[in-house]
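# Structure at a glance
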Amino acid sequence: MITTVFKDKKIYEKYRKTVNEIAEKIKNHQGLIRIITHYDTDGLASGTILIKMLYRLNKNFHLSIVEHLNEKVINRIYNNEYNNTLYIFCDMGSAYIDTIAGKDMNAIILDHHPPKLRYTKVEEVHQLNPHLFNLNGVREVSASGVCYLVAREYEFYDLSIFAIVGAIGDVQHEPFIGMNKFIVNEAREHRYLRNIVKDIIYNAYDLPIWQSILYSTKPYIKELSDEESVMNLLKEVDIDPNKTYLEEEEKNRLVSALKRYVDESQIVVDRYIINHKIEDAYYLSEILNACGKKGMGSVGIGVALEDDECIKIGKKIYIKYKNDIIEQLKNIELHKLNNIEYFFGKKGTIGHMASLLVRDKPVIGIYEEEGYYKMSSRGNRLLVEKGLDLSKVMSIASQFGGSGGGHNIASGARIPKIYLNAFLQKVDEIVGNQLKRREREMEN
Ligand code: C5P
Ligand code: C5P
Ligand code: C5P
């Protein structure tokens, strides 16, 4: 029961009221509905849920995929000539609720980032955000989970698979807890999640096994980052490199051989088998991520909507994206400060690469665009337990004429070029303080 996810009855009642108001507002809206969503997996999965929901409710809609929300983007999107438009922001918006409310926009925010104002309703703006209901937006539910909570008000339980895909994209699946766990169970109960199987991660892809290994970044095995090494390994364990699916015996041989590089737990994982042409939720999340990061978010939406042509293109984009990452990882130069590490990379891949490079310090990936440096910072759970909050760290970009924010474990920023060094110094200092403060608290 969904009630058990909430801390107490009062919070649950508040959630009921909010989600019910939002579902009614959408159902009763007669004009255009504009969806503005984020370009990553969670954003594209959110967009997919809303598109399918609005089709079924017979609404006119328009979907826009954006990299980041800020006042400029809101100004571009908002057109007060069309006063009968309902705007739905997903995977973004909570940090800008005052701007949105200030424009008297008729809007709904379905987000999981820390909200700026702790309201569920500011005049015309309705907001469904886990943080407002004592739920953890980094671990317990993603934006697509929030969108699904609206969709299930109309009993569209099949859309739960996209909430699972979105949550995996935001790394909330290890393991699924809280609201995510509830959604997984609901998907399972209705058989849209067909199965959860312990399997090797390489079986998730419908690619020849040598490609599945070569393109894997989770785990990323440095020793197997070129075709020849992968082929040699497969020869050693007597596996046909062109096989797409490995049987039990072959799996065991491969796992034993790979143990020299990584822990078995990284190779043998829970696979989520969904009712979708891309049957593996992780594979689908990876294709969506690749499409989004390569500036092909619409193809990603097409893949999620099971358009055969988009699926073909999406799979190619996935391979191209992974090749890019692997090539860049080979040549990366990591710069070290006292408490952080950073590198210069390319648009679309810095976030993914940063998370692969995290060891005992947070890592920041940086690239240049139009007079600005844009960056993605990533930590890990251990660092967060030690006090790291990258959301707070990156938000100091506003002191340098930029903007930034996100989650404790993953955040981003953009700053004018001239301030890069000063900004990184400040970031280094703040991270140091965050980690030290917790150490002191533990000692006392
Ligand atoms: O996503 P994009 O910014 O390109 O969409 C803007 C277009 O959407 C406008 O040019 C307009 O034709 C259309 N629109 C509309 N009715 C609205 C809002 C936008 O037809 N209420
Ligand atoms: O915009 P959004 O909140 O969806 O971005 C979250 C980002 O954080 C994703 O790129 C996701 O891969 C990353 N993340 C991560 N490690 C985690 C949780 C999230 O790298 N443990
Ligand atoms: O772009 P990236 O994937 O690194 O973003 C990680 C997180 O930081 C996302 O949740 C994103 O919304 C947030 N972010 C932000 N402001 C920025 C850049 C990223 O709030 N300027």
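Parameters and conventions
- Residues numbered from 1 in each chain as written.
- Chains lettered and ligands numbered in written order.
- Predicted model: local features only at pLDDT ≥ 70, side-chain atom pairs only at ≥ 80, totals over all residues.
- Heavy atoms only, no water.
- Core = buried A, V, L, I, M, F, W, Y, C linked by side-chain atoms within 4.5 Å.
- Buried < 20%, exposed > 50% of the residue type's maximum accessible area, 1.4 Å probe, protein only.
- Helix = DSSP H or I, 4+ residues; strand = E, 2+ residues; numbered from the N terminus.
- Contact = heavy atoms within 4.5 Å.
- Pairing = 2+ DSSP bridges.
- Axes fitted to C-alpha atoms, helices over the stretch in contact; angles between N-to-C directions.
- Parallel < 35°, antiparallel > 145°, perpendicular 65-115°, else oblique.
- Left-handed = near helix turned anticlockwise from the far one by under 90°.
- Nonpolar A, V, L, I, M, F, W, Y, C, P; charged D, E, K, R; others polar.
- Near = heavy atom within 4 Å.
- Polar contact = N/O pair within 3.5 Å; in protein donor to acceptor, adjacent residues only side chain to side chain.
- Areas by Shrake-Rupley, 256 points an atom, 1.4 Å probe, with all protein chains shown as cover.
- Disulfide = S-S within 2.5 Å.
- Phe/Tyr/Trp six-rings, centres within 6.5 Å; stacked < 30°, edge-to-face > 60°.
- Lys NZ or Arg CZ within 6 Å of the ring centre and 35° of its normal.

Core analysis: the biggest nonpolar cluster contains 135 residues, and Ile 26, Met 53, Leu 110 and Leu 254 have the highest contact counts within it. If one sorts the elements of this core by residue count, helix H14 (residues 308-330) sits on top with 9 residues. Ignoring any residue separated from it by four or fewer positions in sequence, one finds Met 53 in contact with Ile 26, Val 150, Ala 151, Tyr 154, Phe 156 and Leu 159.

Here we take up unusual backbone geometry. Residues Glu 174 and Pro 175 are joined by a peptide bond in cis, for which omega reads -5 degrees. Structurally, Pro 175 is set in the loop between helix H6 (160-169) and helix H7 (178-189). Omega for the peptide link from Lys 218 to Pro 219 comes to 10 degrees, which places this bond in the cis form. With a phi angle near 70 degrees, Arg 191 is a residue other than glycine that sits in the positive phi range. Positionally, Arg 191 belongs in the loop between H7 and strand E7 (193-200).

A word on the sheet that holds strand E2 (residues 61-66). One open sheet accounts for 6 strands, arranged E2-E1-E3-E4-E6-E5; its pairing is mixed. Looking at strand neighbours, the two that pair on one side only are E2 and strand E5 (121-122), the edges of this open sheet. Here strand E3 (residues 86-90) runs beside strand E4 (residues 107-110); their pairing, made up of 4 bridges, is parallel. Directly across from Ile 88, in E4, lies its bridge partner Ile 108. Helix-sheet contacts for helix H1 (residues 9-28) involve strand E1 (33-38), E3, E4, E5 and strand E6 (125-128), and the interaxial angle to E6 is about 125 degrees.

Another point: the sheet that holds strand E14 (residues 410-416). Consider a sheet: its strands pair through backbone hydrogen bonds, and that pairing is either parallel or antiparallel. The mixed open sheet is built from 6 strands, whose spatial order is E9-E10-E11-E12-E14-E13. Since the sheet does not close on itself, it has two edges, and those belong to strand E9 (335-336) and strand E13 (403-406), each with one partner. Note that strand E11 (residues 363-369) and strand E12 (residues 372-378) share 7 bridges and pair antiparallel. Looking at the pairing, Tyr 367 lines up with Lys 374 of E12.

With 9 of its 10 residues buried, H6 lies for the most part within the structure. Taken together, the buried positions of H6 are Ser 160, Ile 161, Phe 162, Ala 163, Ile 164, Val 165, Gly 166, Ala 167 and Ile 168. At the C-terminal side of H6, Val 171 shows a positive phi close to 55 degrees.

This part takes up the packing of H6 against helix H12 (residues 281-293). Contact geometry of H6 with H12 gives a least axis separation of 9 Å together with a crossing angle of 65 degrees. Compared by their axis directions, H6 and H12 come out roughly perpendicular. Relative to H12, the crossing made by H6 is right-handed. In contact with Ile 164, Val 165, Ile 168 and Gly 169 of H6, H12 contributes Ala 281, Tyr 282, Leu 284, Ser 285 and Leu 288. Taken together, the residues that form the contact of H6 with H12 break down as 7 nonpolar, 2 polar and no charged.

As a further point, take the site of ligand 1. In the neighbourhood of ligand 1, the contacting residues comprise Leu 32, Arg 34, His 62, Ser 64, Tyr 82 and Thr 85. A distance of 2.7 Å separates an oxygen atom of ligand 1 from a polar atom in the side chain of His 62. Within the contact set of ligand 1, a nitrogen atom lies 2.4 Å away from a side-chain nitrogen or oxygen of Thr 85. In isolation ligand 1 offers 470 Å² of accessible surface; the protein chains occlude 50% of this area. In the shell around ligand 1, the residues fall into 2 nonpolar, 3 polar and 1 charged.

Helix-helix packing is described using two parameters, namely the angle between the two axes and the distance between the axes. Two elements in contact, H12 and helix H13 (residues 297-304), have axes separated by 7 Å at closest approach and are oriented at 160 degrees. What the angle tells us is that H12 and H13 run roughly antiparallel. Here H12 and H13 pass one another in a crossing that is right-handed. Contacts from Leu 284, Ile 287, Leu 288, Cys 291 and Gly 292 in H12 reach Gly 297, Val 299, Gly 300, Val 303 and Ala 304 in H13.

All right, on to the site of ligand 2 then. Residues in contact with ligand 2 amount to 13 residues; listed here are only the nearest, Asp 40, His 113, Asp 170, His 407 and Ala 410. Within the side chain of His 38, an N or O atom sits 3.3 Å from an oxygen atom of ligand 2. Within the side chain of Asp 170, a nitrogen or oxygen atom sits 3.0 Å from an oxygen atom of ligand 2. Tallied by class, residues from the shell around ligand 2 come to 3 nonpolar, 6 polar and 4 charged.

Where a strand is regular, its side chains alternate between the two sheet faces. As defined by bridge partners, E13 adjoins E14 across 4 bridges and the pair is classed as antiparallel. Residue Gly 406 lies in a different strand from E14, and its bridge partner there is Ser 411.

Another aspect to go through is the state of the cysteines. Enumeration over the complete set of coordinates arrives at 0 disulfides. In this model Cys 90 remains outside any disulfide bridge; the closest cysteine sulfur is found in Cys 147, 4.4 Å from its own.

Per the stated rule, a full pass over the model turns up 15 aromatic pairs. The cationic tip of Arg 414 hangs over the ring face of Tyr 372; the distance from NZ or CZ to the ring centre is 3.8 Å.

When you line up the elements, Asp 389 lands in the loop between helix H16 (381-385) and helix H17 (390-395). A distance of 3.1 Å separates a polar atom in the side chain of Asp 389 from the backbone nitrogen of Ser 391. Those residues in contact with Asp 389, other than ones at most four positions away along the chain, are His 407, Asn 408 and Gln 434.

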